[in-house]
Amino acid sequence: RLGSNQRELRVVTTMGGNDRALLKFKVPPAMENARSMSASIDWSPDGEWIVFTESRHHPEYLSLSAFNVSTGQRVLITEPDAGGEDYAPAFSPDGRNIAFTRSDGILKGSIHVVQFMPDSPQSAALVRLPDATPWNSDPEWSVDGSELVFSSGRWPRTGLWHMPADGSADPQPL
């Protein structure tokens, strides 16, 4: 943590030793607590990229960006409409897609999948998947990448749901 609305992502090898700074980014006040920050970062399966939530162009909007650990390249992946928030990213097992939550209002969230194309992010296809309830969040991929599991419902009665990762069928409760 660097200060109000600023974060620094640091890494340390599995063998221990000194940590090193990878990148700095801004977050809005709503993302100040550690739980929400840990849910808004994911490593690509090959370990080359980190996708994360940041407040890039407006202090209250949340976008997804990716950072290449080897080269330092930083790429904007999503840019929601005014007031939108993109968070809880999850790389697919093959690293070709990112599932995430897009919220455009209080207790409204949907699962989206975007192709991960760091060399041409503006041409990446973005797909909104069917909703189980008005609140759908925190997607995770099945091991084979064919399904997404996510949380859905109204707090405190949320549950786990699943659906095909391509959205070809409606979500079903687990």
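Residues numbered from 1 in each chain as written. Predicted model: local features only at pLDDT ≥ 70, side-chain atom pairs only at ≥ 80, totals over all residues. Heavy atoms only, no water.

1. Here's the deal with the environment of W135
The line we're drawing: Counting from the N terminus, the helices are the DSSP runs of H or I reaching at least four residues and the strands are the DSSP runs of E reaching at least two. Throughout, exposure labels follow a simple rule: accessible area from a 1.4 Å probe, protein chains only, divided by the maximum for the residue type, with under 20% read as buried, over 50% as exposed, and the rest as partly exposed. By definition, residues are in contact when any of their heavy atoms lie within 4.5 Å. In protein, a polar contact requires one atom able to donate a hydrogen and another able to accept it; more generally it is a pair of N or O atoms within 3.5 Å, and residues adjacent in sequence count only if both atoms are side-chain atoms.
Following the sequence through the fold, W135 ends up in the loop between β10 (126-128) and β11 (136-141). Overall, the relative accessible area of 19% leaves W135 in the buried class. Distance in space between the C-alpha atoms of W135 and L107 is 5.7 Å, their sequence separation being 28 residues. When neighbours within four sequence positions are excluded, W135 is seen to be in contact with Y87, S103, L107, K108, G109, S151, S152 and G153. Within polar-contact distance, the side chain of W135 engages the side chain of S137 at 3.4 Å.

2. Re the sheet that holds strand β7 (residues 85-91)
Cut-off, in case you're wondering: Strands are treated as partners if at least two bridges between them are detected by DSSP. Helix axes are fitted to C-alpha atoms over the stretch in contact, other axes to C-alpha atoms as well, and angles between N-to-C directions run from 0 to 180 degrees.
If you walk across this open sheet you meet the four strands as β7-β8-β9-β10, and the pairing is antiparallel. The open sheet has two free edges, formed respectively by β7 and β10, since each of these has just one partner strand. In this sheet, adjacent strand axes meet at a mean angle of 30 degrees when their direction is disregarded. Pairing analysis gives eight bridges linking strand β8 (residues 97-105) to strand β9 (residues 108-115), with the strands arranged antiparallel. Within β9, the residue paired with G105 across the bridge is K108.

Just distances and angles here, no functional claims.
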